[in-house]
Structures are given as C-alpha cells and as structure tokens.
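Coordinate analysis (summary)
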Amino acid sequence: MPGNILNNLYRLNFPDCTREALSFLTSFISQDCATIPGLSANTEQIIVEICQEFVLFKSVRGPQKLTAVQELHLLDMICTCFSEAPEKCKYRMFNLMFGAHGDGTVNLLTKLVSLALSVRCTPVLLCAAIWMQERDSLSPDVKGLTQRLVSDYCILFPDHSSVFSTLPSVSPLFACNFVTAATSLYSFAGPDSLPPLALLQHVSEWVYKDNTMCCESLRQAAIHSAYTTPVPGLTGWCVRGPLVCCQLKKKSSDVHISQSHVDSLLACLDKLHLALLQSIAFTAYVNLSPGLISASDLAHIAQTLQVVARPNPSVEEEAACTIALERLAQILQVSANTRTYIADRGKIKEMESLAKHKLPYNRLLSMVLNNQLLGVLTTQQ
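**A few points about the overall build of the chain**
Along the backbone of the chain there are 20 helices and two strands. Counting the 381 residues in the chain, one finds 52% classified as buried. Of all intrachain contacts in the chain linking residues separated by at least 6 positions in sequence, the fraction that spans at least 24 positions is 79%. Split by element, the accessible area of the chain, about 17,500 Å² in all, is 53% carbon and sulfur.

So this is what it looks like as structure tokens:
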C-alpha cells in the first residue's frame, strides 16, 4: 500500500530512499489501473508526497538540502529511471515531478536536462520537449531553461560542443522546441539581442542537415494541440540579420564585436536562409497541415524590419535591406506555393502597405505581395 511505502521511505537515508521511491513510483504509475488524476484523494496525496519528499526533496517535515555531489547522484538516478521505465509511464512520471506551475522545480529540471544532453538520455529530452511545447516558448520557465542551456553549451564551452552537434539525432522534438525558444530569447533585432555565434552555428547546421527538424512540433499537433514552430523566429533572424550585421560593422568598436565575428554571423544566416527554404518545401511532401508560419508572423517581421531600418541608410545599409526584403519575399512565396502557411488577406494588405509607405521599395516583395492578394481574393470568391 502507498501508505506503508511512505513510512518505510522515511526510515531510509539518501540515496536509498530516492532509489526506492523512484522504483515504487514507476511501478505504481505503470499499472493500467493507476493514473494520477482520478485516484482517491488520499492515494494521490501520498504519491505526490513521495515525489516531493524523496525525489524533489521539497520536504514538508523540515528543510533537507542535498550537497552538490548528492544532487548529481540524484539527477543520474532520475535519468536512469526514465531510461528503464515503461514507455506508457515516462511522461506521467515527468509530469508528476515537473508538471506543476510555479512550484520551484525548474532549477532542478534545468540541471536534469543539461545532464540528459551530455549523456544523451533521449527519454528525459523527449519529456522535456513536450513540457516546453505545453508551456509555450514565451513562458518564463521555458526561456529560463533555454538560457541556461545556451550558457552551458554555447557560451561557457570554448570549443564547438559535440553534445549540441548531435542533438537533433538524439531528440528531434527537443531540438525543434529549443530552437523556437531560442528565437524568442534572442530576437536578432540589435546588439542587445544577438544570438551567440556558437548557437547560430549549431542551429544553421541542424536545419541545413535535417529538413524535418522545423516541423517536429507540428507532427505532434494531433497529440499535443499546443505547438509553435521555429520557422517564424528563424525567418526573423534571416530577414533582420543582414541589416543588423551591417549596422554592427559600422560601429563594431562601440559594441565590442569584431569584423570577423560579424562576417561569421552573416555566413551562418546565408546558410540558415537556404536551409529554411528547403525545410518549408520539404514540409509540403509529408502531408502536414498549414502551420509552419502564418501571414501574421510575416507581417510582424516586416514591422520589426521597419524599426531596424534607419531613415537615412548608407549604401551598405540599402544593400543589406534589399537582401532582407528579398528574403522575406522568398519565404512568403515558398510557404504560399507549398501551402505550409496560414493565409490572411488583412495581414497581406498590411505588409503591402508597409512595403509601399514605410520600407524601401523592393520589386520582388511587391510582386509576391500582389500575387498573394490576387490569390487570396480568388480563393475567397
């Protein structure tokens, strides 16, 4: 009985109490008749107490703080538990541990995900990916997790991280949702929002090598209705990036960014833009419904480009702005032709107005927007 196991666990010290608790929770949750919602109040309370006391160490009977070595041992035991647990109970276990909002477990989760990355523990990464998808990439918890991982693997590492290089093959859904969150964290709209070069290098390589990565969250839409894709954020990077980099070159001494660093950013953006177009085209062949990007997303990117562009641009800035506008047009054209975007006549007209009155004239963008307005009008008639 759950009550008996709880009494027994209180007699054990760490790590034995945690090992026994994880074993019991796995066995209990994996039973077809035992799901956490719907159990009797007393039984559910005991299950939660076992998890809180002996896995998360949020003791109600007094503070019990693990040492750094003990915490690492705890994380290793959790990874092992998820690797060995039956498939049907993995996310139930994860949700029991980390599903509650605002309960102070995000710090432990962040450390767990970082360890799971380094040891390539796919079950933990998959559960974390679903957790990110359900919470939304804009939530503080997801942004906090993403920022810590970027710090651990893209900033603190002096060399190219082999852990990150292989991430999409270890957990494609985690890589997809991580990139979505990263584009929320780093908007690439100026010197204060640049993604770290190592992060941009990893992301551009991931998307270039695997055209399926950007649609992994969309594949999950039938199971988890809440989803976002990395395509809008990455499009924003590719569109704003050339103009921002051009401005950085002109004042590199003020923002302490070298010319070679800016050149590396530009090279990554070129690669990423090509990879994005290939990914959008690929999605059309796997029978996924529209949802990679929307007309609303593209209109928002056009508005932000208006903010980034200066009133009296230099010749170099004009050239960079031309690249930016053509990339926006290319993404719109390819996504429309492959029916992988959500059309909206009002948003297309909004972009047309911006292109006419607020942004430098670009022939390609004007043609694409005009064709889109005609296409939407024809569809509605």
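**Section: the nonpolar core**
Side chains that are nonpolar tend, in soluble globular proteins, to be buried together. Judged by nonpolar contacts, the single largest core of 130 residues is most densely connected at Ile 50, Met 97, Phe 174 and Trp 237. If you tally residues by element for this core, the top one is helix α14 (residues 231-250), at ten residues.

**Some remarks on the pattern of salt bridges**
Any two side chains of opposite charge can pair, so long as their charged atoms come close to each other. Evaluation of the coordinates by the stated rule reveals ten salt bridges. Among the ionic pairs, Arg 135 bridges to Asp 141, the shortest N-O distance being 3.4 Å. Residue class for Arg 135 comes out buried when judged on its relative accessible area of 11%. Residue classification places Asp 141 among the partly exposed residues on the basis of a relative accessible area of 22%. Its salt-bridge partner being Lys 271, residue Glu 205 comes within 2.2 Å of it at the nearest N-O pair. On the criterion of sequence distance, the pair formed by Glu 205 in helix α12 (residues 197-209) and Lys 271 in helix α16 (residues 259-283) is long-range, its members being 66 residues apart. Glu 205 sits in the partly exposed class, given a relative accessible area of 26%. Overall, the relative accessible area of 28% leaves Lys 271 in the partly exposed class. Connected via shared salt-bridge partners are Glu 205, Lys 209 and Lys 271.

What counts as what
- Residues numbered from 1 in each chain as written.
- Predicted model: local features only at pLDDT ≥ 70, side-chain atom pairs only at ≥ 80, totals over all residues.
- Heavy atoms only, no water.
- Helix = DSSP H or I, 4+ residues; strand = E, 2+ residues; numbered from the N terminus.
- Buried < 20%, exposed > 50% of the residue type's maximum accessible area, 1.4 Å probe, protein only.
- Contact = heavy atoms within 4.5 Å.
- Areas by Shrake-Rupley, 256 points an atom, 1.4 Å probe, with all protein chains shown as cover.
- Core = buried A, V, L, I, M, F, W, Y, C linked by side-chain atoms within 4.5 Å.
- Salt bridge = Lys/Arg side-chain N within 4 Å of Asp/Glu carboxyl O.

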